[in-house]
Amino acid sequence: MTATAVETPAPGPVSPLTAVPDDWRVTPDGTVRVSDVARTTGDYQAVNYTVRKCGVTVAAQKGQGASRYIPVSEALLLVAAAALAVAAGVALAQMYRAIKASGATVGADAVTIPLRLQG
């Protein structure tokens with residue numbers, strides 16, 4: 001069983017990056033700084049650990065201090081995992097691994113996380 005939550009954008013021109021927070025500095029190649037994601041989740045240490053230890057694709061390291069950039073799709077999964085981790089009382093890394101293992105996908109306006117419900 002899968003469930004998809006879709007946010008319908010307001011009428012008008014639609015950017016493929018409308019679903020990201022306004023304060024994210026998205027690059028032209030569709031990546032975002034890990035620190036922007038950490039600021040959104042409110043837990044830099046958990047985001048940093050998850051990026052380093054859970055196989056999050058680092059698309060580039062650039063700038064002073066070698067800031068790490070990850071694809072926007074991975075960043076959105078991290079934010080979803082952070083919210084679910086708080087609700088479930090588990091670590092962000094644990095929730096991120098579970099979401100990735102489930103086959104979650106990120107579209108232009110939706111994150112789809114397949115739910116395997118036992119009944």
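Everything below is about the structure printed above this text.
Q: Just checking my understanding: could you explain the packing of helix H3 (residues 72-88) against helix H4 (residues 92-102) for this structure?
A: For any two helices packed against each other, the geometry comes down to the angle between their axes and how far apart the axes lie. Running from amino to carboxyl end, H3 crosses H4 at an angle of 120°, the nearest separation of the two axes being 8 Å. Considered as vectors, H3 and H4 are oriented oblique to each other. Seen along the crossing, H3 lies across H4 with a hand that is right-handed. For the pair formed by H3 and H4, the contact residues are Glu-74, Leu-77, Leu-78, Ala-80, Ala-81, Ala-82, Leu-84, Ala-85 and Ala-88 on the first element and Leu-92, Met-95, Tyr-96, Ile-99 and Lys-100 on the second.

Q: Any chance you could explain the pairing of strand S6 (residues 111-114) here in plain terms?
A: A regular strand places its side chains on the two faces of the sheet in alternate fashion. Residue alternation in S6 divides its side chains into a buried set, Thr-112 and Pro-114, and an unburied set, Val-111 and Ile-113. For strand S5 (residues 105-106) and S6, the ladder comprises two bridges, and the chain directions are antiparallel. Counted as the bridge partner of Thr-105 is Thr-112 from S6. With antiparallel pairing between neighbouring strands as the criterion, S5 and S6 make up a hairpin whose turn holds four residues.

Q: In this structure, what is going on with the nonpolar core? I would like to understand it.
A: Taken as a class, soluble globular proteins show a tendency for nonpolar side chains to be buried jointly. Of all hydrophobic cores here, the largest spans 26 residues; its most connected members are Trp-24, Val-37, Val-47, Ile-70, Leu-78 and Tyr-96. Elements with a minimum of two residues in this core: helix H1 (34-41), helix H2 (44-53), H3 and H4. In contact with Trp-24, other than residues within four places in its own chain, are Val-32, Asp-36, Val-37, Thr-40, Ala-75, Leu-76 and Val-79.

Q: Is there a simple way to explain the pattern of salt bridges in this structure?
A: Pairing is possible between side chains that carry opposite charge, provided their charged atoms lie close to one another. Overall, the coordinates contain four salt bridges when judged by the stated rule. Of the charged contacts, one joins Arg-39 and Asp-23 as a salt bridge, the two residues approaching to 3.3 Å between their closest N and O atoms. Here Arg-39 is found in helix H1, whereas its partner Asp-23 is found in the loop between strand S1 (2-4) and strand S2 (31-33), with 16 residues between them in sequence. Here Arg-39 falls in the partly exposed class, since its relative accessible area comes to 45%. In this structure Asp-23 comes out as partly exposed when scored by relative accessible area, which is 40%. For the salt bridge of Arg-39 with Asp-36, the shortest nitrogen-to-oxygen distance reads 2.7 Å. With Arg-39 and Asp-36 both in helix H1, this residue pair falls three residues apart, about one helical turn. On the basis of relative accessibility, which here comes to 0%, the residue Asp-36 falls in the buried class. If you follow the salt bridges from partner to partner, you end up with Asp-23, Arg-25, Asp-36 and Arg-39 in one network.

Rules and cut-offs
Residues numbered from 1 in each chain as written. Predicted model: local features only at pLDDT ≥ 70, side-chain atom pairs only at ≥ 80, totals over all residues. Heavy atoms only, no water. Axes fitted to C-alpha atoms, helices over the stretch in contact; angles between N-to-C directions. Helix = DSSP H or I, 4+ residues; strand = E, 2+ residues; numbered from the N terminus. Parallel < 35°, antiparallel > 145°, perpendicular 65-115°, else oblique. Left-handed = near helix turned anticlockwise from the far one by under 90°. Contact = heavy atoms within 4.5 Å. Buried < 20%, exposed > 50% of the residue type's maximum accessible area, 1.4 Å probe, protein only. Pairing = 2+ DSSP bridges. Core = buried A, V, L, I, M, F, W, Y, C linked by side-chain atoms within 4.5 Å. Salt bridge = Lys/Arg side-chain N within 4 Å of Asp/Glu carboxyl O.

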